[in-house]
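Chain by chain, the residues:
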Amino acid sequence: MADPSVTIVDKQTGREAELPVYTGTHGKGAADVRGLENKLGYFTYDPGYASTASCRSAITFIDGDKGELLYRGYPIEQLAGHSSYLEVCYLLLYGELPSAKEMADFDDTITNHTMVNEGIKDFFAGFRYDAHPMAMLCGTVGALASFYHDSIDINNPEHREITAHRLIAKMPTIAAYCYKHYLGQPFMYPKNTVGYAENFLRMMFGVPSNKEFQPRETMVKALELIMILHADHEQNASTSTVRLAGSSGANPFACISAGIATLWGPAHGGANEAVIHMLDAIADSGASIDSTIARAKDKSDSFRLMGFGHRVYKNFDPRATLIRQMCHDLLAEMDGDTAKFQMAMELEQKVLADDYFVERRLYPNVDFYSGLILRAMGIPLNMFTVIFAMSRTVGWISHWLEMHQDPEYRIGRPQQVYTGAARRDYPVAK
Ligand code: ACO
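Residues numbered from 1 in each chain as written. Predicted model: local features only at pLDDT ≥ 70, side-chain atom pairs only at ≥ 80, totals over all residues.

(A) Broad picture of the packing of helix α11 (residues 252–263) against helix α18 (residues 384–404). Two elements in contact, α11 and α18, have axes separated by 10 Å at closest approach and are oriented at 135°. By the angle between their axes, α11 is oblique relative to α18. In the packing of α11 onto α18, the handedness of the crossing is right-handed. Along its contact with α11, which presents Pro 252, Cys 255, Ile 256, Gly 259, Ile 260 and Leu 263, the element α18 presents Thr 385, Phe 388, Ala 389, Arg 392, Thr 393, Trp 396, Ile 397 and Trp 400. Considered class by class, the residues forming the contact of α11 with α18 number 10 nonpolar, 3 polar and 1 charged. (Axes fitted to C-alpha atoms, helices over the stretch in contact; angles between N-to-C directions. Helix = DSSP H or I, 4+ residues; strand = E, 2+ residues; numbered from the N terminus. Parallel < 35°, antiparallel > 145°, perpendicular 65-115°, else oblique. Left-handed = near helix turned anticlockwise from the far one by under 90°. Contact = placed C-beta atoms within 7 Å. Nonpolar A, V, L, I, M, F, W, Y, C, P; charged D, E, K, R; others polar.)

Written out as C-alpha cells, the structure is:
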C-alpha cells in the first residue's frame, strides 16, 4: 500500500503538491506542509495553530471525543487511582514507570533539592508586599538562572536533567514563598520527612511560632489528585510557549518562566478562579440558580457558566470525572462556606439535567471542581494558578527535554499574511 499522502491542487495554475501524511500511535494523521511553499508558493494560514502539529511528541495523548487522557500511554484514571504525583513526574520525564529502586532514588533526589538558595529570600524582599503571587513566581523562576548559571548548558544532558529535578523540587518552596511574602509571614523551610504535597501545604499554612501544621489527610489526597490531573496536557498554550522559548536555545528557567506567564491568562490557568468569582457574584446578587442558568442560555446575554464546557473534551472531561468524587468527599468533610458549596452542587445537578447543556455537550470541567476543592481547603484565589503552575512544571520541563532530543527541532518562526500598507516612499522634503 502506498504511503499515506494528500494532494493539494492549485485551481488557478493547475499545479499540484503531494504532501506526506504522518500518523502517530493514536489520533488523526498530520499532512506535512513543509514542501508546500516550494511546490505551490503558499504558506498555510492557521490562527491559534489549532490545525497544526508543531512537533512529534511521545508524552501525552488526548482524545477529546472519547474523553481520554494518557500520560506515556497510561490512562489518567489508572494513574489517579494507583500512582503518586512524584511517580507521575518520573513517568513524564523518563517515559516509563520507575522500578522500586528508581523511585526511591528519584524521591531522594527531589527531596534533597527542595531548599532554595538563601539569596532568593533577598530577591523576594524586592517585591511589593501585595504583589500578585503569579508575578512573583514568574520573576523568581526566571531568576533561578542567575543562581544556577554553572549548570544551564542546554547541550549537556546532565545539566538538563539536574535542572528538571531542581525545578520540580523547588517549585512548591517558591510557590509557598510567594504566598508568605504576600501575607507578610516568615518563610517556612521545606521539611524533607514529609511527602511532596504535604510539604507544600505545611509551607503554605504553617508558621514557625506555632506547633507543626498538620494538614488533614483528605486535603493532602485532594492536592495530590489535582497535581496528577494537571501534570501535563500536551501542546496547550503554556507548553507550546515553553517549547517556542526553548527553540531559540534560551535557558530552561527562562523558558519555564515564559510558560508561567502564559498560564497566568484567564483563558488558560485562570478558569478555576473564574468559577469562584462567578459563585461569589451569584451569591452577592441574590440570584437563584434557575435564573443564573436561564441567563447562561440567553443568547442576548454574554454570560456563560464558568467551569462548564471544554474546547477539546466534548463528551466528558476525564479529569472532571475523577475529581468530582474527591470534591464531594472534601466538601462533606470540611467546614467553610457551606452555603456556597451547596449552591455549586445545585448548579452542577441542574446543569447536568438541562437539555440545553446536554445537547451542546457542556459538562462540568476539571476547573469547576478544582476551584471548589481549593476554596474548601482555604487556598486564596490568587494562589489557584500558582498551584496549577507548580503541578504543570513537570509537563513543561518534560516537553523542553523532549524538544532538545528531537533531531527535527528548529527555532520556532511562524509566517504571517501581511495586511499592512503597501510599499510606499518616505516623503522627502524637496
Ligand atoms: N455556558 C453557557 N453556554 C455555553 C457555555 C457555557 N459555559 N460554553 C459553551 N456554551 C454554548 C455556546 O453558547 C454555544 O451555543 P450555540 O451552539 O447555541 O451557539 C455552544 O455552547 C458551543 O460553544 P463554543 O463556544 O463554540 O464552544 P467551544 O468549544 O468553542 O468553547 C469553552 C469551549 C471556551 C471552554 C466554553 O465552553 C466556555 O466558555 N466555558 C466556560 C469557561 C471555562 O470553564 N473555561 C475552562 C475550560 S477548561 C480549561 O481550559 C483548563
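(B) View of the sheet that holds strand β6 (residues 74–75). The strand order across the open sheet built from 3 strands is β4-β5-β6, with neighbouring strands paired in antiparallel fashion. Edge strands, defined here as strands with exactly one partner in the open sheet, are β4 (60–63) and β6. Here strand β5 (residues 68–71) pairs with β6 via 2 bridges, running antiparallel. By the bridge assignment for β6, Tyr 71 is matched with Tyr 74. (Pairing = 2+ DSSP bridges.)

(C) Representation of the environment of Gly 14. Within the secondary structure, Gly 14 is located in the loop between β1 (5–9) and β2 (16–22). Counting along the chain gives 26 residues from Gly 14 to Leu 40, while the straight-line C-alpha distance between them is 9.9 Å.

(D) Representation of helix α3 (residues 85–94) in the model. In terms of burial, α3 is a largely internal element, 8 of the 10 residues being buried. Among the residues making up α3, those that are buried are Tyr 85, Leu 86, Val 88, Cys 89, Tyr 90, Leu 91, Leu 92 and Leu 93. Once α3 finishes, Gly 95 follows within two positions and takes phi at roughly 95°, a positive value. (Buried ≥ 20, exposed ≤ 12 C-beta atoms within 10 Å, placed from the backbone.)

(E) Representation of the domain arrangement of the chain within the structure. One can read the domain layout of the chain as domain 1 (5–53) and domain 2 (61–408). Measuring from the centre of the C-alpha atoms in domain 1 to the corresponding centre in domain 2 gives 36 Å. (Domains from an automatic or database assignment.)

(F) Main features of the pairing of β5. The side-chain alternation of β5 yields one buried face, formed by Leu 69 and Tyr 71, and one unburied face, formed by Glu 68 and Leu 70. The hairpin formed by β5 and β6 contains 2 residues between the paired strands, and Arg 72 there has a positive phi angle of roughly 50°.

(G) Geometry of the site of the ligand. Surveying the vicinity of the ligand reveals 14 residues, the closest of which are Ala 271, Arg 304, Leu 305, Phe 308 and Gly 309. By residue class, the composition of the shell around the ligand is 6 nonpolar, 4 polar and 4 charged. (Near = placed C-beta within 6 Å.)

(H) Looking closely at the pairing of β4. Alternating positions in β4 separate cleanly, Thr 60 and Ile 62 being buried on one face and Phe 61 and Asp 63 remaining unburied on the opposite face. As paired elements, β4 and β5 share 4 bridges and run antiparallel to each other. Bridge pairing links Phe 61 to Leu 70 in β5. Counted along the chain from β4 to the antiparallel partner β5, the turn is 4 residues long, and its residue Gly 67 has a positive phi close to 70°.

(I) Representation of the sheet that holds β2 in the model. Read across the open sheet, the 3 strands follow the order β1-β2-β3; overall the sheet is antiparallel. Among the strands making up the open sheet, the edge pair consists of β1 and β3 (30–31). Direction of pairing for β1 relative to β2: antiparallel, over a ladder of 5 bridges. Bridge pairing in β2 links Thr 7 to Glu 18.

(J) Spatial organisation of helix α15 (residues 338–352). Taking 1.5 Å per residue, 15 residues should reach 21 Å; α15 reaches 21 Å between its end C-alpha atoms and fits that length. Residues of α15 that are buried: Phe 341, Ala 344, Leu 347, Glu 348 and Val 351. Down the axis of α15, the buried side of the element spans an arc of 115°, and every buried residue falls inside it. Set apart from the buried face of α15 by more than 90 degrees, the exposed residues are Thr 338, Ala 339, Gln 342 and Gln 349. Those residues of α15 hidden inside the fold are in contact with α12 (271–285), α13 (289–297), α14 (318–333), α16 (355–359) and α17 (366–376). (Expected span 1.5 Å × (residues − 1). Arc of directions from axis to C-beta.)

(K) Structural view of the nonpolar core. Membership of the largest hydrophobic core comes to 103 residues, with the highest contact counts inside it found for Leu 137, Ile 260 and Ile 373. Per-element tally for this core: the top contributor is α18, with 12 residues. (Core = buried A, V, L, I, M, F, W, Y, C linked by C-beta atoms within 7 Å.)

(L) Up close: the packing of helix α8 (residues 196–205) against helix α9 (residues 217–229). Look at α8 against α9: their axes get within 9 Å of each other, and the N-to-C directions meet at 110°. Taken as axis vectors, α8 and α9 run roughly perpendicular relative to one another. Between α8 and α9 lies a crossing whose hand is right-handed. When α8 is examined against α9, the residues Ala 197, Glu 198 and Leu 201 are found in contact with a partner set consisting of Met 219, Val 220, Leu 223, Glu 224 and Met 227. Its residues assigned to classes, the contact of α8 with α9 shows 6 nonpolar, no polar and 2 charged.

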